[in-house]
Amino acid sequence: MIHNKEVIPEQPAPKGTIGPIAWLRGNLFNGPINSLFTLLGLYVLYLLVVPTIQWAFIDADWVGDSREDCSRVGACWVFVNARFSQFIYGLYPSEEYWRANIVFAMFASIIAWLVIPRLPLKRWVIVFALLAFPVIAYVLLHGGYFDLPRVSTHRWGGLMLTLLLASVGMIGALPIGIVLALGRRSQMPIVRTFCVIFIEFWRGVPLITILFMASVMLPLFLPTELSVDRLIRALIGLTLFQSAYMAEVIRGGLQAIPKGQDEAAAALGMTYWKRMGLIIMPQALKMMIPGIVNTFISLFKDTTLVMIIGLFDLLGIVQAALSDSRWLGFSLEGYVFAAFVFWIFCFSMSRYSQYLERRLNTGHKQ
Amino acid sequence: MSVRPNARPVGQKPPFWRDRAKRALIFQILLVAAVAAFMIYIIGNTQANLNARGITTGFGFLNNTAGFGIGQTLIEYSSQSSYGRTFIIGLLNTLLVGGLGVLAASIIGFIVGIARLSPNWLIARLANAYIETFRNIPLLLQIFFWYFAVLRSLPSARESMAFGEAIFLNVRGLYLPEPLFESGFGLIPATFVVAIVASIALVMWNKRRHEATGKRLPVFWISLVLILGLPLLILVATGVPVTWEMPELRGFNFAGGITIIPEFLALWLALSIYTASFIAEIVRSGIQAIPHGQTEAAQALSLPRKLVLRLVIIPQAMRVIIPPLTSQYLNLIKNSSLATAIGYPDLVSVFAGTTLNQTGQAIEVIAMTMAVYLIISLLVSMFMNWFNARVALVER
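All of these numbers come straight from a predicted model, not from anything done at the bench.

So, the overall build of chain B
The number of helices and strands found in chain B is eleven helices and eight strands. Expressed along its principal axes, the backbone C-alpha trace of chain B runs to roughly 100 × 75 × 45 Å. Burial statistics for chain B: of 396 residues in total, 29% are counted as buried. A sequence separation of at least 24 residues applies to 66% of the contacts in chain B between residues at least 6 apart.

The following block contains the structure:
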């Protein structure tokens, strides 16, 4: 038998299979059609990116305080700068900004605590976020208690209002969604029918008609002497809308749990609520989180619709600022800024949801 | 065997609150009663409120004269028409932008979704950038962008952008030449229909023959020639009975031709581009959901690459793609109600907007508007159930 006793030293990889040139050949120029596509793509990129950078950075004006400081060649970020605090706080009185800032800081730390996997006591943070935080936020933002001056809701606006609408809609929709999802899977025919009708109704109509309904019809439904704040009306509409979508996400999570789990728990003599609370929900919730984050992203984008019923969320306040006669003609800057803010929020949330999906994938999928 | 001290003697029924069936019955009766009480409360309040405001209920207002103009009408309408007519106009405008939006979003979405899977690194990145940009920006913001930042800052009619001598784009909209059909043109759509029917018959015959004898005709090309060639032949034979009316600048505005209002353009662009980013993701995940073994197995049977795609990959991918795709179509139609923010005369803008404000018949108007969207949703979900039942895997 031939046996080579000498160890052959490591050889470098054949030329032309590694390195940037090989990568280019493999991924961009493998074949005439692909090369054509690459060149076409480069051209499109050039057409899009170069003027954008030119407009947004090179020719842009950054400092100043009136439209005269803008050369109008590139973007006029002076406009966004001058209106920045309005875009964030709406018409909230500037000497009370600290109150909104505290709420922002608490909100950010709750989110950070929940997102970073290493931090302990997640359960208590969730309880705090769902029960205590809304009360604290209301007291701080609305005032009227502890010598804080009242700030009526029609002065709330900007990013603050956007975040508030989305979070309240979400927190309010969660319990309703759970009840609806359980009802839709119930054995009781009338309960099931009610839940199906409720869910399909809210999912079948556009949010804008719901907001119209909340702002026009809700006052008709309630006793004459009871008048509801416009913000509350929008919140009721958003919450009901969101709860239907939430119910479907939760139902999806519940369906993914094998029936044997429920039957095993029943065999141990557990009651319905014990089976749901201790066996089904903890497993299902894990699988629902990505779906819940996705519906939250939709809700976050959909909150812009409240401007149609006269609330000034981030888009609403940008739109209002654009019609200011001192700053006419800066719509592009305003929209780009608002789009950027929304994009940052939505993109990071969708990335987080993808990350969760990978992390929570503990083998329930068939 | 130990006996629990409080165990029931054999044969005695449990108390009714321990009996599952009775408990369910009682709970449901209570639920119905609660819902009924809630409805009675709301209806009572509504009636009191309506009486206090002096609004009469009923659908009689639909016959009253509307008295306002609408910027885009697909059927005849004047300010003398009734409120009922405004409902039809709004509905048609909604369906128009919805239908064209579905078409454009599908085309863009499929192209971007396939580009996302391209082996070309740059093309895949560009498609990804498109998806991540447009689906993470609120639709309303995109509508505003196209309307206020792009279309509203176009030049005036006198300095319009011209594409050839036929198409003009300015702040008032897009102007296209309008085909004027002369007598004898009716023959062409008729031939078209005949060609389609003939092609369907051919495809069915070919399939039966293929299954029986293994012989096949290139039906795709034959049908293409039939459907496109036959009407074209007739068109030439009848001496092209079409003239084009060109838009012309008269005074401060264009006259003649077809005018597409900027509200429609903005809404259509935004809806298509936004929804396409979701469709692209659906297409990508649908194609990726097919295990690679399917391709390999088909290749092992020495199917050519074209047939692998057509007979193995695409039919299976469609099963994954179509359900979320229809729900995106539904979303697009529902989202077209954002028209009201820029004043495109869709159902919500015309009917739930102007008509509601003029008549004050909030309940009837909102109920009719919601009913339209609910019926569309219902039809689409019925189609979905039918489709799912048709393509469902038959498992042993």
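Here the narrative resumes.
Concerning the overall build of chain A
The number of helices and strands found in chain A is 13 helices and zero strands. Mapped from its N terminus to its C terminus, chain A presents α and β elements in the order α-α-α-α-α-α-α-α-α-α-α-α-α. Over its C-alpha atoms chain A spans a radius of gyration of 27 Å, topping by over 25% the 21 Å that the globule rule assigns to 366 residues. Projecting the C-alpha coordinates of chain A onto the three principal axes gives extents of approximately 100 × 80 × 40 Å. Expressed as a percentage of its 366 residues, the buried residues of chain A come to 32%. A sequence separation of at least 24 residues applies to 65% of the contacts in chain A between residues at least 6 apart.

Observations regarding the domain arrangement of chain B
Entries for chain B in the domain assignment read domain 1 (23-53) and domain 2 (83-159 + 263-391). Using only C-alpha atoms to locate each centre, domain 1 of chain B and domain 2 of chain B end up separated by 38 Å.

As for the sheet that holds strand S8 (residues 258-260) of chain B
All names here are of chain B. Taken together, the four strands give an open sheet; going across it, the order is S1-S2-S3-S8, and neighbouring strands pair in antiparallel fashion. The two strands at the open ends of the sheet, each matched to only one other strand, are strand S1 (161-163) and S8. Neighbour to neighbour, the strand axes of the sheet diverge by 20° on average, direction disregarded. Here strand S2 (residues 167-170) pairs with strand S3 (residues 173-176) via three bridges, running antiparallel. Residue Phe 168 lies in a different strand from S3, and its bridge partner there is Tyr 175.

Some words on the nonpolar core
Taken as a class, soluble globular proteins show a tendency for nonpolar side chains to be buried jointly. Counting 144 residues, the largest nonpolar core has A:Leu211, A:Ala338, B:Leu141, B:Ile143 and B:Leu267 as the members making the most contacts within it. Examining the composition of this core, we find that 15 residues originate from one element, helix H7 (residues 262-288) of chain B, more than from any other. Those residues within four positions of A:Leu211 in sequence are excluded, and the remaining contacts are A:Ala234, A:Gly237, A:Leu305, A:Val306, A:Ile308 and A:Ile309.

A closer look at the interface of chain B and chain A
Counting from both sides, the interface comprises 45 residues of chain B and, opposite them, 44 residues of chain A. Contributions of two or more residues to the side of chain B that touches chain A are made by helix H1 (20-53), helix H3 (121-134), helix H4 (139-150), helix H9 (305-335), helix H10 (347-359) and helix H11 (362-391) of chain B. Broken down by element, the side of chain B that touches chain A gets its largest block of residues, 13 residues, from H1(B).

Things to note about the UniProt feature "domain: ABC transmembrane type-1" (unreviewed entry) in chain A
Per the UniProt record, "domain: ABC transmembrane type-1" (unreviewed entry) is found at residues 159-353 of chain A. In the segment residues 159-353 of chain A, helix accounts for 79% and strand for 0%; the C-alpha atoms at its two ends are 22 Å apart.

Quick notes on H4(B)
Along its twelve residues, H4(B) runs 15 Å from first to last C-alpha, staying within 8% of the 16 Å computed at 1.5 Å per residue. With nine of twelve residues buried, H4(B) lies mostly within the body of the structure. Along H4(B), the positions that sit buried rather than exposed are B:Leu139, B:Leu140, B:Leu141, B:Gln142, B:Ile143, B:Phe144, B:Phe145, B:Trp146 and B:Tyr147. Residues of H4(B) that are buried in the fold lie against helix H11 (272-302), helix H12 (314-322) and helix H13 (331-359) of chain A together with H7 and H9 of chain B.

Some remarks on the UniProt feature "transmembrane region" (unreviewed entry) in chain B
Residues and elements named next belong to chain B. According to UniProt, the positions carrying the feature "transmembrane region" (unreviewed entry) are residues 24-44, 87-115, 136-154, 184-205, 217-240, 252-274 and 365-387. Span residues 217-240 is 79% helix and 0% strand, its end C-alpha atoms 32 Å apart. End-to-end, the C-alpha atoms of residues 365-387 are 33 Å apart, and along that stretch the chain is 100% helix and 0% strand.

What about the environment of B:Gln299?
Take B:Gln299: it is sitting in helix H8 (residues 292-300). Residue classification places B:Gln299 among the partly exposed positions, given that 13 C-beta atoms sit within 10 Å.

A word on the UniProt feature "transmembrane region" (unreviewed entry) in chain A
All names here are of chain A. In this numbering, the UniProt entry assigns the feature "transmembrane region" (unreviewed entry) to residues 36-58, 98-116, 123-141, 161-182, 194-222, 278-297, 304-322 and 334-352. Between the C-alpha atoms that bound residues 36-58 there is a distance of 31 Å. The span itself is 100% helix and 0% strand. Secondary structure content for residues 304-322 is 47% helix and 0% strand, and the end C-alpha separation is 16 Å.

So, the environment of B:Met161
All names here are of chain B. Turning to its location among the elements, Met 161 is positioned in strand S1. Each C-alpha atom, one on Met 161 and one on Gly 90, is 30 Å from the other, the two residues being 71 residues apart in sequence. Not counting residues up to four positions away in its chain, the partners in contact with Met 161 are Pro 155, Leu 169 and Asn 170.

Focus: the packing of helix H8 (residues 207-221) of chain A against H11(B)
Two numbers describe how H8(A) lies on H11(B): the axes approach to 10 Å, and their chain directions differ by 155°. In terms of orientation, H8(A) lies roughly antiparallel with respect to H11(B). Relative to H11(B), H8(A) is oriented so that their crossing is left-handed. Counted together, A:Thr209, A:Phe212, A:Met213, A:Val216, A:Met217 and A:Leu220 of H8(A) and B:Ala362, B:Ile363, B:Ile366, B:Thr369, B:Met370 and B:Tyr373 of H11(B) form the full contact between these two elements. By residue class, the composition of the contact of H8(A) with H11(B) is ten nonpolar, two polar and no charged.

Some words on the confidence of the model for chain B
Mean pLDDT over chain B works out to 84, with 95% of the residues at or above the 70 mark. Interface confidence for the predicted complex, given as ipTM, is 0.86, next to a pTM of 0.85.

Description of the pairing of S2(B)
Residue and element names in this part refer to chain B. Alternating residues of S2 divide into Phe 168 and Asn 170, all buried, and Ile 167 and Leu 169, none buried. Judged from the three bridges that link them, S1 and S2 form a sheet pairing that is antiparallel. Within S2, the position partnered with Met 161 by the bridge is Leu 169. Adjacent in sequence and paired antiparallel, S2 and S3 are bridged by two residues.

Considering helix H3 (residues 77-89) of chain A
All names here are of chain A. Taking 1.5 Å of rise per residue, 13 residues should cover 18 Å, and H3 covers 19 Å from first to last C-alpha, within 8% of that figure. Along its length, H3 shows its largest kink, about 60°, at Arg 83. Taken as a whole, H3 has its buried residues at Trp 77, Val 78, Phe 79, Val 80, Arg 83, Phe 87, Ile 88 and Tyr 89. Contacts made by the buried residues of H3 are with helix H4 (97-115), helix H6 (158-184), H12 and H13.

The rules behind each value
- Per chain, residues are indexed from 1 in the order of the written sequence.
- Just so you know, chain letters begin at A and ligand numbers begin at 1, following the order they were written in.
- Per-residue local features are limited, in this predicted model, to residues with pLDDT of at least 70; the limit for side-chain atom pairs, both in listing and counting, is 80 or more; totals at the level of whole chains, interfaces and linings are taken over all residues.
- Runs of E in the DSSP output that reach at least two residues are strands. Runs of H or I that reach at least four are helices, and both are numbered from the N terminus.
- Counting other C-beta atoms within 10 Å of each residue's C-beta, where C-beta atoms are placed from the backbone, gives the exposure class: buried for 20 or more, exposed for 12 or fewer, partly exposed between.
- For every residue pair, C-beta atoms are placed from the backbone, and the pair is scored as a contact if these atoms sit within 7 Å.
- Only the C-alpha atoms count toward the radius of gyration. The rule for a globule is 2.2 Å times the residue count to the power 0.38.
- As used throughout, domain bounds are those supplied by an automatic or database domain assignment.
- Between any two strands, at least two bridges found by DSSP are needed for them to pair.
- All axes here are fitted lines through C-alpha atoms, helices being fitted over the stretch that makes contact, and every angle between N-to-C directions spans 0 to 180 degrees.
- Definition of nonpolar core: a set of buried Ala, Val, Leu, Ile, Met, Phe, Trp, Tyr and Cys residues joined via C-beta atoms within 7 Å.
- UniProt positions are given in the numbering used here, feature names are shortened, and annotations may be inferred rather than shown by experiment.
- Multiplying 1.5 Å by the helix residue count minus one yields the expected span of that helix.
- By definition in this entry, angles of less than 35 degrees are roughly parallel, angles greater than 145 are roughly antiparallel, angles of 65 to 115 are roughly perpendicular, and the rest are oblique.
- Crossing handedness is defined as follows: a turn of the near helix away from the far one that is anticlockwise and smaller than a right angle gives a left-handed crossing, while the clockwise case is right-handed.
- Residues are grouped as follows: Ala, Val, Leu, Ile, Met, Phe, Trp, Tyr, Cys and Pro are nonpolar; Asp, Glu, Lys and Arg are charged; all remaining types, including Gly, are polar.
- Per-residue confidence from the prediction method is given by pLDDT, with values spanning 0 to 100.
- The quantity called bend is, for any residue, the angle between two axes fitted respectively to the seven residues ending at it and the seven beginning at it.

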